[in-house]
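Below are the chains, spelled out letter by letter.
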Amino acid sequence: MHLPPLRRVPAALRVPWVRERALDHVVERERHLVPFLLAKDVLLAATPPPHAVPLHSLPSTIPFPFRPLRFLRLYPSAFALSPHPIEVSPTPRLSALHAAEAQVVDATVPDAADRLLRLLMLAPSRALPLRLVARLRLDLGLASDFQRSLLPNYPDYFALSPDGSLLELVCYRKDLAVSSMQSYAQRTGGYKVGDVVAFPLSFPRGFELDKKVRKWLDEWQRLPYISPYEDGSHLTPRSDITEKRTVAVLHEVLSLTVGKKMEKEVLVKLGEALRLPPGFRKVVAKHPGIFYISHKLRTQTVVLRESYRRHMLVDKHPMMGIRYQYMHLMHMGKEEVGKGKGKDRRSSRSEQIIGEEFGATVDDDENEEYDDEDDVAEDDMEVGVASEDQDSDDDVDEDIKEQISH
């Protein structure tokens, strides 16, 4: 494949970061979802029914944001607590939803296996640390016991290294070595290796790029698209073509997740495992039209812009449908707590749906734990002309219900 003359990426060009409320809501509405799901999995794995587990027996690996007892009390619609000694068990509603999730997991096993296989195909070594794959479990929509329920059923796909630390690829499937960008190009006009494929770009209202940045971006988009499944070791380091392939890899990784997003810290660890070139961490911030970095929930989350229309997923994976039902159950519990305590809940409807601790009595020192102001470092706020998207603060009071029915 003939490539145009390579040149150095203009390091002096800086791209502004601009808050986009709709995509911030995508992240913020999942507040506490991870510890909620992990606690749920522990309870429903307990035998025999009714799955009551002593509070002190909950694994310390569950990332509770504060004391486990206080966390569980926030969600009475999901967790039932018994005193002396304190035990926790799932409510009938949580058990029913868990059963529905199990059906979805069973129905999507082939899809999950294919996506996990494609992730391994992105790795030059054709292997990834099993510990990292386990950390990606929720992102990939895998069952909590995927090491027992999924891996052994696909011996032609997966194998464990002798010491059990690596998940290894057994068979490279060429028919699956087609990226989401290539599939998009094929659907919209055809694609062959070496063709120019421009990434879909989306910017908030009022966002403006510096003219030099715009010119560079237009030229960069016209470069040939190199599939993330192709070997890129021959490309010149720190060149535009190398950067475009790096973006292609990160784009494909996010496309393989059920929520089309991932915590930046996890994405960085995965990028290192995929042996992306030095400096790949800065690539995400350099392309705000492709990736959005949310600073909500005291972390950074990378969202694939093209996968969302405002706060709605364009293509909703069945596992995300179940996740939205879990979020709805969580918020039902908070409403019940508020009614039981008779607290005046005049918080905005958007605050309710994104998971603020409405309806629960908290002390002043506990309020600090919920103080989620966007502490964005100056280094992350790059110089540029931009304005906040004033029109993206949707009527999200019906957000989760809308996601469930979508």
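Scroll up to find the structure.
Here the structure is a predicted model, which means the values were calculated and not measured.

Rules used in this analysis
Residues numbered from 1 in each chain as written. Predicted model: local features only at pLDDT ≥ 70, side-chain atom pairs only at ≥ 80, totals over all residues. Heavy atoms only, no water. Pairing = 2+ DSSP bridges. Helix = DSSP H or I, 4+ residues; strand = E, 2+ residues; numbered from the N terminus. Axes fitted to C-alpha atoms, helices over the stretch in contact; angles between N-to-C directions. Contact = heavy atoms within 4.5 Å. 1 Å grid on protein atoms, 1.4 Å probe; cavity = no way out; pocket = protein on both sides within 12 Å on 5 of 7 lines; lining within 4 Å. Points joined across faces, edges and corners; volume = space filled by probe spheres on them. Nonpolar A, V, L, I, M, F, W, Y, C, P; charged D, E, K, R; others polar.

Here's the deal with the sheet that holds strand β5 (residues 158-160)
Stage number 1. Read from one edge to the other, the open sheet built from three strands follows the order β4-β6-β5, with strand pairing classed as antiparallel. A strand with exactly one partner marks an edge of an open sheet, and here the two such strands are β4 (127-129) and β5. Ignoring which end each strand starts from, the neighbouring axes of this sheet average 25 degrees apart.
Stage number 2. Pairing of β5 with strand β6 (residues 166-169), which is carried by three bridges, proceeds in the antiparallel orientation. Paired with L160 across the two strands is L167, which belongs to β6.
Stage number 3. Contacts from helix α5 (residues 109-122) reach β4, β5 and β6, with the element oriented near 90 degrees to β6.

Quick notes on empty space enclosed by the protein
Stage number 1. Scanning the entire structure with this criterion turns up three cavities of 30 Å³ or more.
Stage number 2. Taken together, V15, L201, F203, L209, V213, W216, L217, K286, H287, P288 and G289 make up the lining of the largest cavity.
Stage number 3. Among the elements that line the lining of the largest cavity, the one with the most residues is helix α10 (residues 211-221), at three residues.
Stage number 4. A per-class count over the lining of the largest cavity returns eight nonpolar, two polar and one charged.
Stage number 5. Roughly 40 Å³ of volume is contained in the second largest cavity.
Stage number 6. For the second largest cavity, the full set of lining residues is L250, K264, L267, V268, F280, R281 and V284.
Stage number 7. Listing elements by their share of the lining of the second largest cavity, those giving two or more residues are α12 (264-273) and α13 (280-286).
Stage number 8. Per-class residue counts for the lining of the second largest cavity are five nonpolar, no polar and two charged.

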